[in-house]
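Chains, contacts and geometry: an overview
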Amino acid sequence: MTRKPSRPTAAAPADDRGVVLLSGGNPQIPKGHGDAPVQAYIAALQDWKQAVVRRMDELIVETVPEVHKAVKWNSPLYGVDGTTWFLGIHVMTRYVKVAFFNGKSLDPMPPVDSKTANARYLHVSEKEPLDESAFVAWVKAASAIPGEKM
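My aim in this report is to walk through the structure given alongside it, one point at a time. The shown structure was predicted, so the numbers you read here are calculated from the model rather than taken from an experiment. (Residues numbered from 1 in each chain as written. Predicted model: local features only at pLDDT ≥ 70, side-chain atom pairs only at ≥ 80, totals over all residues. Heavy atoms only, no water.)

Here we look at the overall build of the protein chain
In terms of helices and strands, the protein chain carries 3 helices and 9 strands. From first element to last, N terminus to C terminus, the protein chain shows the α and β order β-α-α-β-β-β-β-β-β-β-α-β. Looking at the protein chain residue by residue over its 150 residues, the buried ones come to 41%. Counted over contacts in the protein chain with a minimum sequence separation of 6, partners at least 24 positions apart contribute 50%. Counting every atom, the protein chain has about 8800 Å² of accessible surface; 54% of that belongs to carbon and sulfur. (Helix = DSSP H or I, 4+ residues; strand = E, 2+ residues; numbered from the N terminus. Buried < 20%, exposed > 50% of the residue type's maximum accessible area, 1.4 Å probe, protein only. Contact = heavy atoms within 4.5 Å. Areas by Shrake-Rupley, 256 points an atom, 1.4 Å probe, with all protein chains shown as cover.)

Written out as structure tokens, the structure is:
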């Protein structure tokens, strides 16, 4: 069977800083472990999303001082052992999506359900700002249970 060659896809445009923004304004950041790639991700965000994700990162570090960080699939991940992850952040057009990978084990659970068996989400937008006390409670609880391998 002969396959037709695929049509080339247009590369995502770079913003005025040279950052390639994917759908929803999510920056294209190379995979990497540690704080540096996460800070590069945050620096590449635009507008209110940058302030929200920066504050989330600060709260996570304050709540879990030994946290391990990485960027995979253009999303910051947070874990306690460097091989499993309890939380991930992804920027959408109108909100920042926080995935608690074992969120169905949390009490109370984060508000947004997932098609994934154990995950729950928190959506933060300009109209629905971050509830820092609830976020910190979820981060503390999520970091105390086994994370997901990715």
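A few points about the packing of helix 2 (residues 47–63) against helix 3 (residues 132–143)
Packing of helix 2 against helix 3 leaves a shortest axis separation of 10 Å and a crossing angle of 50°. What the angle tells us is that helix 2 and helix 3 run oblique. Two packed elements cross with a definite hand, and for helix 2 against helix 3 that hand is right-handed. Of the residues in helix 3, those touching helix 2 at Arg55, Met56, Leu59, Ile60 and Thr63 are Glu132, Phe135, Val136, Val139 and Lys140. In terms of residue class, the contact of helix 2 with helix 3 is built from 6 nonpolar, 1 polar and 3 charged. (Axes fitted to C-alpha atoms, helices over the stretch in contact; angles between N-to-C directions. Parallel < 35°, antiparallel > 145°, perpendicular 65-115°, else oblique. Left-handed = near helix turned anticlockwise from the far one by under 90°. Nonpolar A, V, L, I, M, F, W, Y, C, P; charged D, E, K, R; others polar.)

Re the packing of helix 1 (residues 35–44) against helix 2
For the pair helix 1 and helix 2, the least separation of the axes is 8 Å and the interaxial angle reads 155°. With respect to each other, helix 1 and helix 2 are oriented roughly antiparallel. Counted together, Val38, Gln39, Tyr41, Ile42, Ala43 and Ala44 of helix 1 and Gln50, Val53, Arg54 and Asp57 of helix 2 form the full contact between these two elements.

Thoughts on the pattern of salt bridges
The full count for this structure, using the stated rule, is 7 salt bridges. Measuring nitrogen to oxygen at the nearest pair gives 2.9 Å for the salt bridge that ties Lys69 to Asp57. Of this pair, Lys69 sits in strand 2 (residues 68–72) while Asp57 is found in helix 2, placing the two residues 12 residues apart along the sequence. Judged on exposure class, the residue Lys69 and its partner Asp57 are both buried. Put simply, Arg55, Glu58, Glu62 and Glu132 are held in one network by salt bridges that share partners. (Salt bridge = Lys/Arg side-chain N within 4 Å of Asp/Glu carboxyl O.)

As for unusual backbone geometry
Note the cis peptide between Asp107 and Pro108, where omega equals 0°. When you line up the elements, Pro108 lands in the loop between strand 6 (96–100) and strand 7 (112–113). Here Trp73, not a glycine, exhibits a phi torsion of approximately 55°, which is positive. Its place among the elements puts Trp73 in the loop between strand 2 and strand 3 (75–79). With a phi angle near 60°, Asn74 is a residue other than glycine that sits in the positive phi range. Its place among the elements puts Asn74 in the loop between strand 2 and strand 3.

Describing the side chain of Thr84
Within the secondary structure, Thr84 is located in strand 4 (residues 84–85). For Thr84, the residues in contact, after removing those within four places along its chain, are Gly79, Gly147, Glu148 and Lys149.

Keep in mind that these numbers describe shape and distance, not what the molecule does.
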